Structures are given as structure tokens and as C-alpha cells.
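An overview of the molecular structure
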Amino acid sequence: MISNLTILPVLIPLIAGIIATLFHKKLTLVRIFSQVSTIISTIVASYVFYYVIQNGTLVLESGDWMAPYGIVLVGDLLSVTLVLTTNIVALAAVFYAPYSLSDEQESFYFYTFYFLLISGVSGAFITGDLFNLFVFFEVLLMASYALIILGGGKVQLRESIKYVLINLFSSMLFVTTIAFLYSVVGTVNMAQIGQRVSEVNQSGILTTIAFLLFFVFGTKAALFPLYYWLPRPYIAPNPVISALFGALLTKVGIYSIFRVFTIIFVHETAITHQFFIWIAAFTLIFGVIGALSTNNIKLIVAYNIIPAVGFMIAGIGIYNETALSGAVYYLVNDMIIKAALFLLVGAIAYLAGTSDLRKMKGLIHHYPMLGWLLFISAFVLAGVPPFSGFIGKLLILQGAIEANEIIITIIGLLVSLLILFSVMRIFIQGFWGEKDAAIVPNKPLARKLMLPVAFLISFSVFLGIGAEWFYPITEEIGNNLMNPELYIKSVLKE
Amino acid sequence: MEIIMAILAGILFTTGVYNLLQKQLLRIIIGTALISHGAHLFILTMGKLKRGAPPILDKTITDYTDPLPQALILTSIVISFGVTSLLLVLAYRASKENGTDNMETLRGNQND
């Protein structure tokens, strides 16, 4: 009975989304309803998180079909941690939305699609079935298609076509890959696939399928050389939508890589995981070059998604407990700080009236708090101690040294410096300098926009200073990821 | 039978990719539709093709086909149907707003 808890983080947003369609024109009502529902969903997610820490993995066999036959939902420590983080990001977004979106955008079902997105993301984190993962991918992608064109501007429509096409293509490839895998192992349950692959020893065909899956998830996660589609569509919609995309969508791809390459394809690490380290190195370098190449503050943040993904892939490529727990730490940190940065940059662009860095100056005179929030979040992003980015990166690089991967360590350290520089440019050029007399400060609006950002950044600071509390959890996740038989045993109950 | 189906799926994939690489929006959408057809045929083939056997497990039935691929295809068809219709509307609106359906000119520039 208690295992029904697993599905609640998917179900609550789904139902809330459906209810929100009923009164989408009554803005005050729909706002309050959405805020309350998101708070409830966060509380439930926290309870599930707490329950799993106390009692271990939750497995829901839907419809009471035994594990390998029916669809299973698995709430293990990694899944519930990410679901809770998703809800925290959603909480900040829902309180930011009314001040950032126009009334028209809000009434055109923003909240419905927002809830469907959260539902899809939570579902993807929680499912234990590869085909079901595809279905949840589609749920969240459908919601994201609707969100990206919300408002229907010229640029939005143009960029959304590219976004939809690339995602549609990779989804079709995903289905094909599942068909390949099904013909080889005869199941789509991840635990059972893992079990069967270890029984037959990963043969050449399975390694090929592994690379196909990596290609699919790599496209969603924006890895080198598949990241080219990401930056522009991500900055086209409203900042609150960009924040949801930047914080959640690529991370689902990363999570899928984590799952598949720690449970299923773990027998040829010399081929697959070594390849990931190279991909990670290129992703880090090219992402940060992109971030340095532009003067558009939104693009700077969008490009910064790519090196962050690179760090996580390096963690899975190094493949030891330290690096994996570091990668999970970094994943949680990055979801929160990317959302904060997108919301922050959206606020800056709105308050300054431009997103071009060359036209900005002296914003610190009008909005000191905004400047310092950006300053802190740049430090969190680059991994300056004592913030949370530091601990994740430290563990990943420590794992790299343990595994004698010196090149990736050096690249990681250099790229961190460049990341700091790329975000500091916004602070230096936008906030320093002469007071811009043309700006009429709008303090009350700024305060309302800053509150959700401050909430997210305080979480980041807490994850950094409270590492003593959070690190044991990621350490256990790292341990679980290194021992896939634990996951398989808890799902198949053998 | 499986070989023929696999070749057919392969042909659908190649024509789909060819169309995907065209400049005209409508051709690209037809390309995605062809690829999804190819993927669906492929799933069906992967579950082994058998004639005259129902996808039901029952005491009276001894010869049955694997029902799982059929369930997967059904889900996948519905999804690709939905996405294709959304894409058609999107392409129509985008070409109206931007005044072109040529991907070369839909590229965008640094300033917006």
C-alpha cells in the first residue's frame, strides 16, 4: 500500500494540470491554485524522499503485475532526490511566473503545460521501464513544445521548429533502439535487461546498442557534438520557461545516461565509459567557448548548460564511487543554480530593457541586491568554495585523479575558471560603471522577481554549507550506482 | 518475412532521412513521418512475425505471437500522430509569421 507513494509525484501535477484548464481565464484563481498545488506536490516529494532515506527503495508494480511483466515505478534514492529537486525548481518558477509572463500568456494554459512538464519529468525520473521512459520523455517534450511557442512570437516559432524536429528525430531513434534491445534481450524492464545482459556478457551487438542509446540521450542532454540545437531555442521563450527547460530537460537526458550505463551496459567500460571521458572533455571546452563568444546575457547562461553537462558525463565516464557521487551532487546543484541563473538573467534583461551586454551599465546603482545575487550564483556555478558547485566538482575531479585521468582533471579546472569569467562578464559590464540615467528603477517588481531566485540560491548555499548532511546521501547513491545488483534485486525481488 | 520487413524499414528510414535534409518545411515533416513509420514496422518485426496466431495468452491457445511489440507500437503511433499534427500546425504558423518555409532563411541571426 505504501508503495503507492511512488506515483504521487507524477499524479499530483497531472491532476493539477487538468484542473487548471477548467478556469484558465480566471488568473487570480489559477495562480493561487497552481501555487498551492506545487507546494503540496513539494511536500509530498519531500515525504517520499524522507521515506526512502529511512526505509530504502520503493517499488510500485502498477496494476499488481509482477515486476518483469508489468510496468514498474522505482523510487530509489537517486530518483527521489531528483524528483524533490524538480519540485523545488518548480516552486520557484510558479512564484516567478505571474510577474514575468503577460496575462495573455498565462491564460493560454501556461499552468496546465507547466504541470504536465513537471509530471513528465518526475515520471521519467521514477520509471523502471525503458519504454515507459520513452513515454514520459514524450509527455515532457509535448509540454515543452507547447511552452516554447507560448506567445507565438516570430523568433519563438522559428526556433521551436528546430527544437521540435531534433527532439522528434531522437525520439524515433529511441524507439528503434528499444526495438533492437528488445529483440536481443526480450524485455523492456531495466532491471531485467541489466540482469540478462550480465548473464550473456555484453556482446558486440549490445555495445552497439549502448552507443545508439548514448546518441539518443546525448542529443537530449546536449553533449558534444550534438549540442548545437540547444542555446537558441532555450532563450526564445519567456525566462520562466527557459528556467524550467534549462534546469530540467537536459538533466533528464543525463539521468537516463546514469541509469542505463550503471545498470545495463557496465561490462565493456573500457570502450563505452572511456569514450564518455573524451566526449566530456570536448563538451566542456566547446560549451565554455560558446559562453564566451556572445554578448547576449541569456545566451551566456544557455551556453553554460553545456559545460555543466560535460562535468556530469565526466563523472559517469570515470566510473568510480567518488566520481559518481560527485556527479550526482553536481546534478542536483546544477538543476537549482541553472534555474536561478535563468530567472535572474530574465529579471536583469527585463529591468535593464535589453539583453545585450554592450548596452548595459551601472545596474548596481539601481538594483544592488540583483547584482549580489548574480555575484553569488556565478560563484556557485563556477564551483568556488563553500558553495555547492565546489563539492560536486571536487568529488568528480578527485575521482578522476583516483582513476588516473589527468587530462580531464586539467581541462575541468581550466574550464571552471572560464565559466567563472563568462558569468562575471555580466557582473562587470552590466553592473559596474556609470549610473545609467535612462533606466527608471522599478523596485517593487524587482523585489518580486528576486524572491524566487533568492529562494533557489539559498538552497544552493545550504547544499554547500550543509554538505555534511547531504554528502552521505550522494555517497550512498554513488554506492548504489556502482552496485547495480542492488537495484536489480530490489525491483525483481529475487 | 523478417528480412523483407527489415529491408522495407531500412528504405523508409533512408527516404525519411533524405527528406529530413531538404530545405522545404513540408518535406521535412514528411521525412519525420516516414521515419516514424519505419520505426514502427521495425518494432513489429523485432517481435517475430507469425501468421494466424493471436497476441493473447489463454489456456485454449497454444500458438500465440508476442503481444508486447504490438502494445509498444500502438503507444508509439499515437505519440507520433500527435507530434506530427502539432508540427504541421507549427510549420504553418511559422511560415506565415516569417514569410518563408525555407530552412536556409529561417536560420536567424546573432541579434535576436
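Residues numbered from 1 in each chain as written. Chains lettered and ligands numbered in written order. Predicted model: local features only at pLDDT ≥ 70, side-chain atom pairs only at ≥ 80, totals over all residues. Heavy atoms only, no water.

The name given to chain B in an unreviewed UniProt entry is Multisubunit sodium/proton antiporter MrpC subunit, and the organism recorded there is Saliterribacillus persicus. One UniProt comment on chain B, placed under Subcellular location (unreviewed entry), says "Cell membrane". UniProt, in its Sequence similarities (unreviewed entry) section for chain B, records the words "Belongs to the CPA3 antiporters (TC 2.A.63) subunit C family." (UniProt positions renumbered as here; feature names shortened; annotations may be inferred.)

As recorded in an unreviewed UniProt entry, chain A goes by Multisubunit sodium/proton antiporter MrpD subunit and comes from Saliterribacillus persicus. Quoted straight from UniProt, the Sequence similarities (unreviewed entry) entry for chain A says "Belongs to the CPA3 antiporters (TC 2.A.63) subunit D family."

Residues and elements named next belong to chain A. Relative to the helices and strands, Thr 112 resides in helix α4 (residues 103-126). Classification of Thr 112 by relative accessible area gives buried; the value is 8%. Discounting residues that sit within four places of it in the chain, Thr 112 has contacts with Gly 17, Ala 20 and Thr 21. (Helix = DSSP H or I, 4+ residues; strand = E, 2+ residues; numbered from the N terminus. Buried < 20%, exposed > 50% of the residue type's maximum accessible area, 1.4 Å probe, protein only. Contact = heavy atoms within 4.5 Å.)

So, about the pattern of salt bridges. All names here are of chain A. For the structure on display, the rule yields ten salt bridges over all chains. Ionic pairing is found between Glu 159 and Lys 162, a salt bridge with its closest N-O pair at 3.6 Å. With Glu 159 and Lys 162 both in helix α6 (residues 154-185) and three residues apart, the pair spans about one turn of that helix. Glu 159 sits in the buried class, given a relative accessible area of 2%. In this structure Lys 162 comes out as partly exposed when scored by relative accessible area, which is 24%. Linking Asp 356 and Arg 358 is a salt bridge whose minimum nitrogen-to-oxygen distance equals 3.2 Å. We classify Asp 356 as buried; its relative accessible area is 16%. Take Arg 358: its relative accessible area is 58%, and that puts it in the exposed class. (Salt bridge = Lys/Arg side-chain N within 4 Å of Asp/Glu carboxyl O.)

Turning our eyes to something else, we now look at the nonpolar core. All names here are of chain A. Phe 110, Tyr 163 and Phe 265 are the most contacted members of the largest nonpolar core, which totals 225 residues. It is helix α13 (residues 321-352) that provides the largest number of residues to this core, a total of 23 residues. Setting aside chain neighbours within four positions, we find Phe 265 in contact with Leu 181, Gln 202, Leu 206, Ile 209, Ala 210, Leu 213, Val 260, Thr 272 and His 273. (Core = buried A, V, L, I, M, F, W, Y, C linked by side-chain atoms within 4.5 Å.)

Residues and elements named next belong to chain B. With 96% of its residues at a pLDDT of at least 70, chain B reaches an overall mean of 87. No element of chain B has a lower mean pLDDT than helix α3 (residues 67-98), which averages 91, and none a higher one than helix α1 (residues 2-20), which averages 94. Both scores are given for the predicted complex: the pTM is 0.94, the ipTM 0.93. (pLDDT = per-residue confidence, 0-100.)

Residue and element names in this part refer to chain A. Here strand β2 (residues 72-75) shows no split at all, with Val 72 and Val 74 on one side and Leu 73 and Gly 75 on the other all buried. The pairing of strand β1 (residues 58-61) with β2 spans four bridges and is antiparallel. Note that in β2 the partner of Leu 58 across the bridge is Gly 75. (Pairing = 2+ DSSP bridges.)

Residues and elements named next belong to chain B. Annotation from UniProt places "transmembrane region" (unreviewed entry) at residues 6-21, 28-47 and 67-92. Secondary structure over residues 6-21 splits into 94% helix and 0% strand, and the C-alpha atoms at its two ends are 23 Å apart. From the first C-alpha to the last, residues 28-47 spans 30 Å; its make-up is 95% helix and 0% strand.

Residues and elements named next belong to chain A. A contiguous patch of positive charge on the surface is contributed by Lys 435, Lys 443, Arg 447 and Lys 448. Examined against the element boundaries, Lys 435 turns out to sit in the loop between α17 (406-431) and α18 (443-465). A relative accessible area of 54% means that Lys 435 is categorised as exposed. (Patch = residues over 30% accessible without salt bridge, like charges linked within 9 Å, V, L, I, M, F, W, Y side chains within 5 Å. Areas by Shrake-Rupley, 256 points an atom, 1.4 Å probe, with all protein chains shown as cover. Lys, Arg positive; Asp, Glu negative; His and termini not counted. Charge placed at Lys NZ, Arg CZ, Asp CG, Glu CD.)

This next bit is on the packing of α1(B) against helix α2 (residues 25-46) of chain B. All names here are of chain B. α2 packs onto α1 with a crossing angle of 160° between their chain directions and a minimal axis gap of 7 Å. Put simply, α1 runs roughly antiparallel to α2. Here the hand of the crossing between α1 and α2 comes out left-handed. Between α1 and α2, the contacting residues are Glu 2, Met 5, Ala 6, Leu 8, Ala 9, Leu 12, Phe 13, Thr 15, Gly 16, Val 17, Asn 19 and Leu 20 on the first element and Arg 27, Ile 28, Gly 31, Thr 32, Leu 34, Ile 35, His 37, Gly 38, Ala 39, Leu 41, Phe 42 and Thr 45 on the second. (Axes fitted to C-alpha atoms, helices over the stretch in contact; angles between N-to-C directions. Parallel < 35°, antiparallel > 145°, perpendicular 65-115°, else oblique. Left-handed = near helix turned anticlockwise from the far one by under 90°.)

Residues and elements named next belong to chain A. Applying the stated rule across the entire model yields 38 aromatic pairs over all chains. With a centroid separation of 6.4 Å and 45° between ring planes, the pair formed by Phe 282 and Phe 286 is classed as tilted. Of this pair, Phe 282 and Phe 286 both sit in helix α11 (residues 272-292), four residues apart, which is roughly one turn of the helix. On the basis of relative accessibility, which here comes to 36%, the residue Phe 282 falls in the partly exposed class. The partly exposed category is assigned to Phe 286, whose relative accessible area is 33%. (Phe/Tyr/Trp six-rings, centres within 6.5 Å; stacked < 30°, edge-to-face > 60°.)

Attention now goes to unusual backbone geometry. Look at the link from A:Phe224 to A:Pro225: it is a cis peptide, with omega at -5°. Along the chain, A:Pro225 turns up in the loop between α8 (204-221) and α9 (231-235). Here A:Pro385 and A:Pro386 are connected by a cis peptide whose omega angle stands at 10°. Within the element layout of this structure, A:Pro386 appears in the loop between α15 (368-382) and α16 (388-402). A positive phi angle is found at A:Tyr109, which is not glycine, with a value near 60°. We note that B:Lys48 has phi near 65°; this positive angle belongs to a residue other than glycine. Since its relative accessible area comes to 62%, B:Lys48 is described here as exposed.

The next thing to look at is the interface of chain B and chain A. With 37 residues of chain B in contact, the opposing surface of chain A contributes 31 residues. Taken together, the two surfaces of chain B and chain A that pack against each other cover about 3,200 Å², and 77% of this comes from carbon and sulfur. Viewed at the interface, chain A and chain B are joined by zero salt bridges. Where chain B packs against chain A, one counts one residue pair in polar contact (both at pLDDT 80 or more). (Buried area = accessible area lost by both parts, 1.4 Å probe. Polar contact = N/O pair within 3.5 Å; in protein donor to acceptor, adjacent residues only side chain to side chain.)

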